[in-house]
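# Commentary on secondary and tertiary structure
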Amino acid sequence: MLTSTDTPLFIVKESPIHGRGVFARVDIPPGTRIIEYTGERITSDESARRAEAGGGPINHTFFFSLEDGNLIDGGSGGNEARFINHACEPNCEAYEEDGRVFIYSLHHIEAGDELNYNYALIYEARHTPAVKRAFACYCGAPSCSGVMLAPKRRSRKPVKSAAQKAA
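What comes next is a walk through the structure.

What counts as what
- Residue positions are counted from 1 within each chain, in the order its sequence is given.
- For a predicted model such as this one, the threshold for reporting local features is a pLDDT of at least 70, and the threshold for listing and counting side-chain atom pairs is 80 or more; totals across whole chains, interfaces and linings nevertheless cover every residue.
- Hydrogens and water are ignored here; the side-chain numbers use all heavy atoms of the structure.
- Pairing of aromatic rings covers Phe, Tyr and Trp, the last counted by its six-membered ring, and requires centre-to-centre distances within 6.5 Å; plane angles under 30 degrees mean stacked, over 60 mean edge-to-face, and any other angle means tilted.
- Placement of a charge over a ring requires the Lys NZ or Arg CZ to be within 6 Å of the ring centre, with the centre-to-atom vector within 35 degrees of the ring normal.
- Strands are treated as partners if at least two bridges between them are detected by DSSP.
- Secondary structure follows DSSP: runs of H or I at least 4 residues long count as helices, runs of E at least 2 residues long count as strands, and numbering of each begins at the N terminus.
- Structural elements are reduced to axes, namely lines fitted to C-alpha atoms, with helices fitted over the stretch in contact, and the angle between N-to-C directions of any two is expressed from 0 to 180 degrees.

Attention now goes to the packing of aromatic side chains. Counting across every chain of the model gives five aromatic pairs. Summarising the aromatic geometry, the rings of Tyr95 and Tyr104 are spaced 5.5 Å apart at their centres and angled 75° between planes, so their arrangement reads as edge-to-face. On the numbers, 5.2 Å between centres and 50° between planes, the contact of Tyr117 with Tyr119 is tilted. These aromatic residues form a ring-pair network of at least three members: Tyr37, Phe64, Tyr117 and Tyr119. The ring of Phe23 carries the charged tip of Lys13 above its face, separated from the ring centre by 4.8 Å. The ring of Phe62 carries the charged tip of Arg82 above its face, separated from the ring centre by 5.8 Å.

This part covers the sheet that holds strand 8 (residues 92–97). Pairing is antiparallel across the open sheet formed by three strands, whose spatial order is 3-9-8. Edge strands, defined here as strands with exactly one partner in the open sheet, are strand 3 (33–37) and strand 8. Sheet twist, expressed as the mean angle between neighbouring strand axes with direction ignored, is 30°. Relative to strand 9 (residues 100–105), strand 3 runs antiparallel, the two sharing four bridges. What sits directly across from Glu36, in strand 9, is Phe102.

Now the structure itself:
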């Protein structure tokens, strides 16, 4: 674990992806716990109220969903972790441990590289072109999906067997 005399693992500065980003100050080995995602813990209803009061879609917030259905609002009492940007080919991953969220490196990260993880945002409504523009991804990865959204789960209709069709 780092102490106050150690070199910090990251620095926040302007990002070529979006706004501010978090960048490695030093080489970071795979599996390193980099930072905890902190902020005020709120309900899903409160997150919707805050997003609406902010005048924008929920994608322009610092909300992080928890397994218990609540969220962490990194914009309210949060730390630098809220500036970690999305990427389709991430170098970090978020893990929830006992109701707390930590960001870990997936592989070796070079000093100067921007830290990122795949947001895989859940958006229940239809993924229209306007929604996709609102949740656009600018990571620039070769496999970039163009959006920060998790793919919609397609509902499958039961397939009838030949015997059922003949009946």
